[in-house]
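Chain by chain, the residues run as shown.
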Amino acid sequence: MPATRDKFGRPIVVVTGMGVVTSLASGKADNWKRLTAGESGIRTITRFPIEGLKTTMAGTVDFIPIEPFSSTDLSERLGEVVAEEAIAQAGIGSKGDFPGPLFLAVAPVELEWPQRQELGRAIGPETEVNYDGLLRVSGGGRYTQYHRRFLFGSVADHLAEVFGTKGSPISLSTACASGASAIQLGVEAIRRGEADATLCVATDGSVNPEALVRFSLLSALSTQNDQPQAAARPFSKNRDGFVMAEGAGALVLESLEAATARGATILGVVAGCGELADSFHRTRSSPDGKPIIGCVRNALSDAGLESGQIDYINAHGTGTPENDKMEYLGISSVFGERARQIPVSSNKSMVGHTLSAAGAVEAVFSLLTLEHQRIPPTINYDIPDPAIPFDVVPNKARDARVTTVMSNSFGFGGQNAALILTREPA
Amino acid sequence: MTETKPSTEVWITGIGLATSLGEGLDAHWDALNQRRINVDEKGFAPCVVHPQAPLNFDAQIPKKGDQRQMEAWQRIGTYAAGLALESAGVKGNQEILARMDMIVAAGGGERDLAVDSNILNLEAKGNSAPGFLNERLMNDLRPTLFLAQLSNLLAGNIAIVHGVTGSSRTFMGEEAAGVDAARIALARIAAGQSDIALIGGSQNGERKDILVLYEFGGFNLKDRFVPVWARRDKPGFALGSGGAFLVIESRAHAEARGAKPFARLTNVVADMARREHPGEITSTLETLWSKLGKLADKGAIITGATGAEPVTSEERAFLAAHPSFPVRASGTMFGHTMETQFPLGLALAALSLSRGALFPANDPTGLEVEMSSPPSQIVVIGAGHWRGEGMALVEAI
């Protein structure tokens with residue numbers, strides 16, 4: 001019987017189910033096919049008018065229609081699709097009865113413009129519209145459904161009910177590191193012995209006018225609108241920002257002991273998680289890279305591994321001038337000369353930046369990399385940035401022996417998280 | 001069978017309160033003993049809210065630039081977090097702050113009311129060209145407003161202003177977020193995954209945009225303030241304003257640095273009843289109660305009961321089954337601070353235990369009764385207005 005505890009005496013945490021949706025496709029099989037073919041899911045936005053916007057493209061998930069649209073409804077639906085795929089693959093529990101807690105990474109929920117405009121119209125054209133008026137028309141039970149819909153906990157509430165997860169579901173946000181944080185919370189719960197299984201879901205359906213404007217006003221988005229599929233250019237010299245995208249990822253995590261006992265197929269191991277906050281600035285990393293370096297070192301030490309044992313890095317790689325430079329600084333500080341040899345690719349070059357979902361989407365792709373022994377490329381890599389001498393697996397997928405992957409996630413508000421995933425228990 | 005580690009004792013060693021009743025522990029203790037309530041029935045009429053007591057933000061957020069980057073909820077929270085760090089004696093202690101974990105329970109999304117109103121007015125006047133909304137938002141939104149709205153930026157601001165950087169996690173989901181922040185932080189320390197953590201939340205209740213959300217569900221207390229237990233005929237809550245943060249740490253960590261505890265955080269439990277049938281909340285609370293640990297006879301209850309229905313009546317039925325525990329509803333004195341209500345309850349429990357008394361009843365219905373002896377245990381209850389039930393056991397040391 002193999003050991004079910006790691007070298008620190010903690011339960012080994014394995015992945016037994018995965019689900020993913022991106023702008024490329026729904027499901028692991030189609031996503032993997034397109035990802036390794038180097039296809040882009042970025043296109044000109046058709047969901048709403050784009051006049052007056054600085055950035056007019058995104059990785060929207062339009063093949064799952066939501067009517068009437070709200071980002072929260074789409075996030076919920078995407079979360080449902082990936083959780084269903086993950087639970088079906090894991091073959092765990094029974095329908096509507098998942099034997100563990102839910103950890104959900106979700107974008108902060110808020111009332112959106114279509115609903116605000118509906119309230120504005122309810123006030124009528126004769127009256128000056130202000131928030132006193134909005135408050136007046138909001139009551140009386142006409143819009144009860146919007147209370148249920150726009151509570152921060154509403155998506156988790158729905159998923160917990162549909163899948164029958166146990167206990168109090170946790171909705172969390174660590175900005176663009178949220179997906180990794182959801183997985184970390186799930187890992188920790190299993191290591192504490194609180195649960196044998198956890199459902200970790202990360203979802204984001206945020207492409208709406210105000211969300212796009214918000215990132216535009218922070219100058220974070222690419223404005224290469226003419227060639228949407230070539231706009232996301234991580235690590236390239238001519239990168240000019242990230243491309244907003246939608247998607248979701250889900251993992252069923254179990255203790256190795258519980259998974260083995262029920263004869264589950266083990267897809268991979270979450271060997272380590274690291275985090276460290278940055279106190280430098282709300283949107284920029286500390287120029288010395290220390291928080292990123294510390295985060296990566298924390299993940300390695302949590303996994304009990306040396307940097308030399310990592311053979312592929314699934315980068316955060318957003319394609320903003322700042323992120324990619326800082327990620328190189330962080331990785332090269334930890335990996336030394338090996339930073340030039342180790343493959344480092346960015347899924348975001350193809351699927352865009354799925355924000356709250358990115359950490360989980362990229363964890364799924366990292367696990368598929370381990371399964372298929374094939375590294376997805378960084379596309380749109382035509383003009384290398386000499387300041388970032390990574391092997392970015394340019395433009396074409398590559399077969400490679402991969403046993404241990406590090407997946408990085410960084411976010412506004414000084415959020416840094418890193419996961420270490422392996423094929424087999426260490 | 002999973003073996004569990006011997007549980008580590010966890011102490012509450014820092015409390016930071018900045019609410020409608022003032023700031024700091026002495027001010028709060030005095031206000032509670034004087035049964036003071038700070039309520040505004042006019043400014044947001046017909047809704048009743050508890051306004052934030054004035055704060056000298058410079059005292060905890062020295063850089064004006066930092067203050068400008070935050071909206072009110074973040075300023076209040078960052079301020080209260082600073083008070084908690086000060087109270088624990090770790091403010092400015094780089095060595096500890098750099099490895100201190102942080103779980104913040106947050107809402108977010110304070111809007112620019114003038115921008116929203118202007119757009120809706122122009123639309124009402126016939127501005128409906130495609131792209132009109134885009135153009136207005138591109139021109140009218142302050143570029144940094146987004147950062148004042150993002151839920152995780154309260155934690156981000158606490159990291160920037162106070163240097164708490166061990167980790168930064170933000171839980172969302174109304175009342176339950178506050179319960180789970182305490183539950184996960186406690187579990188991590190008890191299991192040796194962490195030594196010391198800052199937990200808490202903040203809310204600005206003086207917000208028409210958030211009143212709209214609760215008005216959809218008919219939850220706002222209207223016209224006239226009445227204490228929580230006297231709202232049976234007019235159910236609802238008055239939004240509260242305030243920040244409540246706690247520093248919790250393993251006993252060994254506290255002793256090694258010579259820190260004095262306010263109280264022991266013995267247990268935090270949570271669940272989410274489906275709330276489809278009458279009685280489900282009562283029975284969920286009963287189950288949580290049974291999981292808290294050994295309850296002796298000198299206990300009290302501090303509940304975040306909202307005044308919303310049916311949850312408040314269900315909680316009342318639960319409380320009726322435990323008549324030996326004198327009850328206090330924090331919502332009467334502080335209003336409903338949503339994500340912050342449970343950390344606020346923990347803070348009030350720890351404060352009461354450290355002062356050797358439960359603060360006086362403040363309830364015309366007689367549900368709250370006086371307690372003459374010093375409490376040795378206080379159970380904190382948080383049953384969300386719509387979802388989520390939680391409970392904590394806080395004990396005297």
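About the thresholds
Residues numbered from 1 in each chain as written. Chains lettered and ligands numbered in written order. Predicted model: local features only at pLDDT ≥ 70, side-chain atom pairs only at ≥ 80, totals over all residues. Axes fitted to C-alpha atoms, helices over the stretch in contact; angles between N-to-C directions. Helix = DSSP H or I, 4+ residues; strand = E, 2+ residues; numbered from the N terminus. Parallel < 35°, antiparallel > 145°, perpendicular 65-115°, else oblique. Left-handed = near helix turned anticlockwise from the far one by under 90°. Contact = placed C-beta atoms within 7 Å. Nonpolar A, V, L, I, M, F, W, Y, C, P; charged D, E, K, R; others polar. Core = buried A, V, L, I, M, F, W, Y, C linked by C-beta atoms within 7 Å. Buried ≥ 20, exposed ≤ 12 C-beta atoms within 10 Å, placed from the backbone. Domains from an automatic or database assignment. Pairing = 2+ DSSP bridges. pLDDT = per-residue confidence, 0-100.

**A word on the packing of helix α12 (residues 280–291) of chain B against helix α13 (residues 311–320) of chain B**
All names here are of chain B.
Argument step 1. Look at α12 against α13: their axes get within 8 Å of each other, and the N-to-C directions meet at 45°. Relative to α13, α12 is oriented oblique. For the element pair α12 and α13, the recorded crossing hand is right-handed. Along the contact surface, α12 presents I281, T282, L285 and E286, while α13 presents V311, E314, E315, A317 and F318.
Argument step 2. Tallied by class, residues from the contact of α12 with α13 come to 5 nonpolar, 1 polar and 3 charged.

**Some thoughts on the interface of chain B and chain A**
Argument step 1. At the junction of the two partners, chain B supplies 67 residues and chain A supplies 66 residues.
Argument step 2. Those elements that provide at least two residues to the side of chain B that touches chain A are α5 (113–124), α6 (132–140), α7 (145–149), α8 (153–162), β4 (169–172), α9 (174–190), α10 (208–216) and β7 (263–271) of chain B.
Argument step 3. The dominant element in the side of chain B that touches chain A, judged by the number of residues it contributes, is α10 of chain B, at 8 residues.
Argument step 4. The residue inventory of the side of chain B that touches chain A, partitioned by class, reads 30 nonpolar, 24 polar and 13 charged.

**Observations concerning the nonpolar core**
Argument step 1. Formed by 276 residues in total, the largest nonpolar core has its most connected members in L104, V201 and A360 of chain A together with I248 of chain B.
Argument step 2. The element contributing the most residues to this core is α9 of chain B, with 10 residues.
Argument step 3. Each of two domains, domain 1 (13–112 + 150–422) and domain 2 (114–149) of chain A, supplies a minimum of three residues to this core.
Argument step 4. Among all residues touching L104 of chain A, those that are not within four sequence positions of it are G79, V155, A156, L159, P169, I170, S171, L172, A182 and V201 of chain A.

**Looking at the domain arrangement of chain A**
All names here are of chain A.
Argument step 1. Each assigned domain of chain A is listed here: domain 1 (13–112 + 150–422) and domain 2 (114–149).
Argument step 2. The C-alpha-based centres of domain 1 and domain 2 are spaced at 36 Å.
Argument step 3. Domain 1 puts 8 residues into the contact, and the matching count from domain 2 is 7 residues.

**Here we look at the pairing of β4 of chain B**
Argument step 1. Side chains R169 and F171 of chain B of β4 of chain B all project onto a buried face; the interleaved residues T170 and M172 of chain B project onto the opposite face, where all are buried too.
Argument step 2. Pairing between strand β5 (residues 170–173) of chain A and β4 of chain B: 3 bridges, direction antiparallel. Paired with S171 of chain A across the two strands is M172 of chain B, which belongs to β4 of chain B.
Argument step 3. Bridge analysis of strand β3 (residues 101–105) of chain B against β4 of chain B gives 3 bridges, and the strand direction is parallel. Bridged to A105 of chain B within β4 of chain B is F171 of chain B.

**Considerations on the environment of G96 of chain A**
Residues and elements named next belong to chain A.
Argument step 1. The residue G96 is located in the loop between α2 (71–90) and β4 (102–106) in this model.
Argument step 2. The exposure class assigned to G96 is exposed, which follows from the 11 C-beta atoms found within 10 Å.
Argument step 3. Expressed as a C-alpha distance, the spacing of G96 and V162, which sit 66 residues apart in the sequence, is 5.7 Å.
Argument step 4. When near neighbours in sequence (up to four residues on either side) are disregarded, G96 contacts V162, F163 and G164.

**A few points about the confidence of the model for chain B**
All names here are of chain B.
Argument step 1. Across chain B, the average pLDDT comes to 96, with 98% of residues at or above 70.
Argument step 2. Highest mean pLDDT in chain B belongs to helix α15 (residues 341–355) (99); lowest belongs to α7 (94).
Argument step 3. Scored below 50 in pLDDT, residues 1–5 shows 5 contacts in the model against residues more than four places distant or in partner chains.
Argument step 4. In the model output, the complex is listed with pTM 0.98 alongside ipTM 0.98.

**Let's talk about helix α6 (residues 154–163) of chain A**
Residues and elements named next belong to chain A.
Argument step 1. Buried residues dominate α6, accounting for 8 of its 10 residues.
Argument step 2. S154, V155, A156, D157, H158, L159, A160 and F163 are the residues of α6 that are buried.
Argument step 3. Among the structural elements, α2, β4, α5 (144–149), β5 and β6 (197–204) are those in contact with the buried residues of α6.
Argument step 4. G164, located one to two residues past α6, shows a positive phi value of around 65°.

**A word on the pairing of strand β10 (residues 377–383) of chain B**
Residues and elements named next belong to chain B.
Argument step 1. Counting buried residues in β10 gives 7 out of 7 residues, a clear majority hidden from the surface.
Argument step 2. Every second residue of β10 is oriented toward a common face, with Q377, V379, I381 and A383 on one face and I378, V380 and G382 on the other, all of them buried.
Argument step 3. Summarising the sheet, β10 and strand β11 (residues 389–395) pair through 7 bridges and their orientation is antiparallel. From the neighbouring strand, A383 faces β11, where its bridge partner is E389.
Argument step 4. In textbook terms, the turn of a hairpin is the stretch between consecutive antiparallel strands, and for β10 and β11 this stretch comprises 5 residues, one of which, G388, has a positive phi near 90°.

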